[in-house]
Amino acid sequence: MSLRCKFILLVIGITVIPPLMVSIFIFIQLLEPGETSFFGGYQRIQWQIRKELTEEIGTLDDERLREIIPRSIDILILDSSERVVLSTIENFKRNERVSAEALQEFIQENIGLFEFQILPYNPAAGSPGQLIARIPRSKWIQTGLVRHLMLSIPLLVILFSSLMSVSIVRSIRRSIQTLESATRRIAQGDLNFELKIKGSDDIALLTRSFEAMRLKLKEEYARRARFLMGVSHDLKTPLALIEGYTGAIQDGYATSPEKLEKYLSIIKEKSYLLEDRISHLIELIRLETGDWQATHRQVALKSFLDDLGKRYRQDAGVLGCDFKYRVDIPETLTVNMDPGLLTRALENLINNAIRYSDKKGAIRLETEILDGRVCIAIINSGRGISAEELRYIFEPFFRGSNSRREEGFGLGLATVRSIINSHGWEIEVKSNEETVFSIYINLKSRLETAGG
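Everything numeric here is computed off the predicted structure, so don't read it as measured data.

Analysis parameters
- Throughout this document, residue positions are counted from 1 along each chain, in the order its sequence is written.
- Owing to the predicted nature of the model, reporting of local features is limited to residues with pLDDT of at least 70; listing and counting of side-chain atom pairs is limited to 80 or more, with chain, interface and lining totals taken over all residues.
- Hydrogens are left out, water is left out, and the side-chain values use all remaining heavy atoms of the structure.
- Helix and strand assignments follow DSSP, with helices taken as H or I runs no shorter than four residues and strands as E runs no shorter than two, numbered in order from the N terminus.
- Exposed residues in this analysis have more than 50% of their type's maximum accessible area, buried residues have under 20%, and partly exposed residues fall in between, with area computed by a 1.4 Å probe over protein chains only.
- Contact definition: two residues touch when any of their heavy atoms are within 4.5 Å.
- All accessibility values rest on the Shrake-Rupley procedure with a 1.4 Å probe; residue burial counts only the protein chains present in the view.
- Interaxial angles span 0 to 180 degrees and are taken between N-to-C directions of axes, which are lines fitted to C-alpha atoms, for helices over the stretch in contact.
- Should the near helix be turned anticlockwise from the far one by less than a right angle, the crossing is termed left-handed; should it be turned clockwise, right-handed.
- Under the convention adopted here, Pro, Cys and the residues Ala, Val, Leu, Ile, Met, Phe, Trp and Tyr are nonpolar, Asp, Glu, Lys and Arg are charged, and Gly plus all remaining residues are polar.
- Residues enter a nonpolar core if they are buried and are Ala, Val, Leu, Ile, Met, Phe, Trp, Tyr or Cys, with the set joined through side-chain atoms within 4.5 Å.
- Charged-residue counts in this description rest on Lys and Arg as positive and Asp and Glu as negative, His and the chain ends being excluded.
- Salt bridges, as used here, are contacts in which a Lys or Arg side-chain nitrogen is within 4 Å of a carboxyl oxygen on Asp or Glu.
- Polar contacts here mean pairs of N or O atoms no more than 3.5 Å apart (in protein, one a potential hydrogen donor and the other a potential acceptor; neighbouring residues in sequence count only if both atoms are side-chain atoms).
- Here, strands pair whenever DSSP counts at least two bridges between them.
- Multiplying 1.5 Å by the residue count of a helix minus one yields the expected span of that helix.
- Ring geometry is summarised as follows: Phe, Tyr and Trp rings, the Trp one being its six-membered ring, pair when their centres sit within 6.5 Å, and such pairs are stacked at plane angles under 30 degrees, edge-to-face over 60 and tilted between the two.
- Consider the ring centre and the ring normal. A charge sits over the ring if Lys NZ or Arg CZ is within 6 Å of that centre and within 35 degrees of that normal.
- Values of pLDDT, ranging from 0 to 100, describe the predictor's confidence in every residue of the model.
- Note that the arc is defined by the directions from the helix axis to the C-beta atoms.

Participant: How would you explain the overall build of the protein if you had to name every residue and give the values?
Facilitator: Across its full length, the protein holds 12 helices and 12 strands. Considering the protein as a whole, with its 452 residues, one finds that 39% of them fall into the buried category. Intrachain contacts of the protein at a sequence separation of at least 6 include 62% that bridge at least 24 residues. Taken as a whole, the protein presents about 27,000 Å² of accessible surface, with 55% of it coming from carbon and sulfur.

Participant: How would you sum up the packing of helix H10 (residues 339–356) against helix H12 (residues 412–422)? Please name residues and give values.
Facilitator: Packing of H10 against H12 brings their axes to within 9 Å, and their N-to-C directions diverge by 145 degrees. Between H10 and H12 the crossing geometry is left-handed. Contact with H10, carried on its side by Leu341, Leu342, Arg344, Ala345, Asn348, Leu349 and Asn352, involves Gly412, Leu413, Thr415, Val416, Ile419 and Ile420 of H12 and no other residues of that element. Its residues placed into classes, the contact of H10 with H12 shows eight nonpolar, four polar and one charged.

Participant: Would you mind going over the nonpolar core in detail, with residue names and values included?
Facilitator: Of all hydrophobic cores here, the largest spans 40 residues; its most connected members are Leu301, Leu346 and Ile376. The element best represented in this core is H10, accounting for eight residues. Discounting chain neighbours no more than four positions away, the residues touching Ile376 are Leu305, Leu346, Leu365, Glu366, Thr367, Phe437, Ser438, Ile439 and Ile441. Ranked by size, the runner-up nonpolar core spans 12 residues in total, among them Phe92, Phe106, Phe114 and Ile132.

Participant: Go over the side chain of Asp338 with me, naming the residues and quoting the values.
Facilitator: Here Asp338 lies in the loop between strand S7 (334–337) and H10. There is no salt bridge for the buried Asp338, and the closest opposite charge comes from Arg297, which lies 7.0 Å off by N-O distance. Among the polar contacts listed, one links the side chain of Asp338 to the backbone nitrogen of Leu341, at a separation of 3.1 Å.

Participant: Lay out the sheet that holds strand S1 (residues 74–78) in plain terms, naming residues and giving numbers.
Facilitator: Pairing within the open sheet is antiparallel, and its four strands lie in the order S2-S1-S4-S3. If you trace the sheet from one side to the other, it starts and ends with strand S2 (84–87) and strand S3 (114–121), each paired once. The average undirected angle you get between the axes of adjacent strands in this sheet is 15 degrees. As defined by bridge partners, S1 adjoins strand S4 (residues 129–136) across five bridges and the pair is classed as antiparallel. Following the sheet pairing, Leu76 is matched in S4 by Ile132.

Participant: I'd like a rundown of the environment of Ser357, residues and numbers included.
Facilitator: Structurally, Ser357 can be placed in the loop between H10 and strand S8 (362–370). The spacing of Ser357 and Gly384 is 27 residues in sequence and 9.2 Å in space, taken between C-alpha atoms.

Participant: Give me the lowdown on unusual backbone geometry, citing residues and values where you can.
Facilitator: One non-glycine residue, Glu82, adopts positive backbone phi at about 65 degrees. Phi at Asn95 takes a positive value of approximately 65 degrees, unusual for a residue other than glycine. Relative to the assigned elements, Asn95 resides in the loop between S2 and helix H4 (100–110). Relative accessible area serves as the criterion here: at 56%, Asn95 is assigned to the exposed category.

Participant: Tell me about H10, and name the residues and values.
Facilitator: Here H10 is 18 residues long and its end C-alpha atoms lie 26 Å apart, about the 26 Å a rise of 1.5 Å per residue gives. When H10 is considered as a whole, its buried residues turn out to be Pro339, Leu341, Leu342, Thr343, Ala345, Leu346, Leu349, Ile350, Asn352, Ala353, Ile354 and Tyr356. The opening residue of H10 is Asp338, an N-cap whose side-chain oxygen sits 3.0 Å from the backbone nitrogen of Gly340.

Participant: With reference to specific residues and values, describe the pattern of salt bridges.
Facilitator: Enumeration according to the criterion identifies 11 salt bridges in this entry. Close ionic contact of Lys302 with Asp306 constitutes a salt bridge, the shortest N to O distance being 3.9 Å. Of this pair, Lys302 and Asp306 both sit in helix H9 (residues 301–318), four residues apart, which is roughly one turn of that helix. The same class applies to Lys302 and to Asp306, which are both buried.

Participant: Which residues make up the side chain of Lys270, and what values go with them?
Facilitator: Within the secondary structure layout, Lys270 lies in helix H8 (residues 257–289). Buried charge Lys270 goes without a salt bridge, the closest partner of opposite sign being Glu269 at 4.5 Å.

Participant: Break down the packing of aromatic side chains for me, with residues and values.
Facilitator: Applying the stated criterion across every chain, the model contains five aromatic pairs. Taking 5.1 Å as the distance between ring centres and 85 degrees as the angle between the ring planes, the aromatic pair formed by Phe92 and Phe106 counts as edge-to-face. Note that Phe92 is positioned in the loop between S2 and H4 and Phe106 in helix H4, a separation of 14 residues in sequence. Aromatic rings pair up to connect Phe92, Phe106 and Phe116 into one cluster. The side chain of Arg373 reaches across the aromatic face of Tyr440, ending 4.2 Å from its centre.

Participant: Let's hear about the sheet that holds strand S9 (residues 373–380): which residues, and what values?
Facilitator: Pairing is mixed across the open sheet formed by five strands, whose spatial order is S6-S8-S9-S11-S10. Of all the strands in the sheet, the pair left with one neighbour each is strand S6 (322–328) and strand S10 (426–431). Between one strand and the next, the sheet's axes are offset by a mean angle of 15 degrees, whatever the strand orientation. By the bridge criterion, eight bridges tie S8 to S9 in an arrangement that is antiparallel.

Participant: Could you give an account of the confidence of the model for the protein, naming the residues involved and the relevant values?
Facilitator: Here the protein shows a mean pLDDT of 75. Residues at 70 or above account for 70%. Throughout residues 34–42 the model reports pLDDT below 50, and contacts reaching past four residues in sequence, or to other chains, amount to 33 contacts. In this model, residues 403–408 is a region of pLDDT below 50 whose contacts with residues beyond four sequence positions or in other chains number nine contacts.

Participant: Tell me what's going on with H4, and back it up with residues and numbers.
Facilitator: Considered for burial, the residues of H4 that qualify are Leu103, Phe106, Ile107 and Asn110. Projected onto a plane normal to the axis of H4, the buried residues spread over an arc of 100 degrees and lie on a single side. Residues of H4 that are exposed and point over 90 degrees away from its buried face: Glu101, Gln108 and Glu109. Buried-residue contacts for H4 involve S1, S3 and S4.

Here's what the structure looks like:
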């Protein structure tokens, strides 16, 4: 049971149990005959008895008395001298004198089965006296069930609230201990565990968020490991060549000026390659860590994309590719962006599309507004990307099966993603019969201003 349900049940139990028990008492009273006393009182006796006794007591006979008083109720009337004026109780006869001690003893002997009410009585004529009414108690009172039920109300409330409170405290304590243990393991660098999530209360939501954080950290650590492996691999090759040719020169293998020139040329080429790769690394790290901030300005997006499309249509014609573009957005739509960075990101995507498209395949740049967002899509019908490769395609140094035999550092798409993210936009890729890279610009974002 969720923590929220337990709290609700606790509140309902505390508020429902007392009125429920009272309702049971009332129901029991309704099952009793009308003349029996469940919760007797002077007001009831006065209304049923004293109100009716307006005639002269001395003229009342038993038959007339029974017409006035319910048959289950007995009456004993004493005058000021403790003499019986009227009685329906067999123990007391008319004109018989009853002492206070005898009356008290009689009441004590019958108190378990009857309720007694002693009222002052003033007949129409005569001296004041006393009216004693004997009313049968409810059988529930006679057996003590009512007393037990009355005692059970606070006991039930205390027992129920205690059990629910213990259950709630144990649930909270168990969840906190689980999170504390998980926090300690993460602090020690252990991410190879799984948090079991039960229920849907606030603590379960916290546990679910904690588990998502653990998975994200684990994925980030794995990505960082791949990053370091990629750096080591891609920097090691040119360094090894530079070291090898430098050693060859030192060992005297460059026996002629031509050979020495060749070795130095290779060293210079690999130095440029090494410098280029280090520059790419520094730029990518600056983009991802936020140490570098793009300089944004308002740019008319349609004009920007039209110029890019016209240029690539000419370049694609030279390369024998069919390039088409369609920019279906308002002329007045402006976007807050860095034109140089966005140009670089789109050029990277279009160049990849040209590189991996079939010779007769079509490449398209399409821009439109979908669900309040500008969608810039680069589409090609060349070799697709497998589902497994799609998961890592934006990772640094990842090179898919289609690009492993070609020159490259594996940072192009990682840089594209960093540029798009630095603008607060989104990028996604789908690959079935066509490969589609889509950039989404939210027009409601604080980074854009839509005109017109």
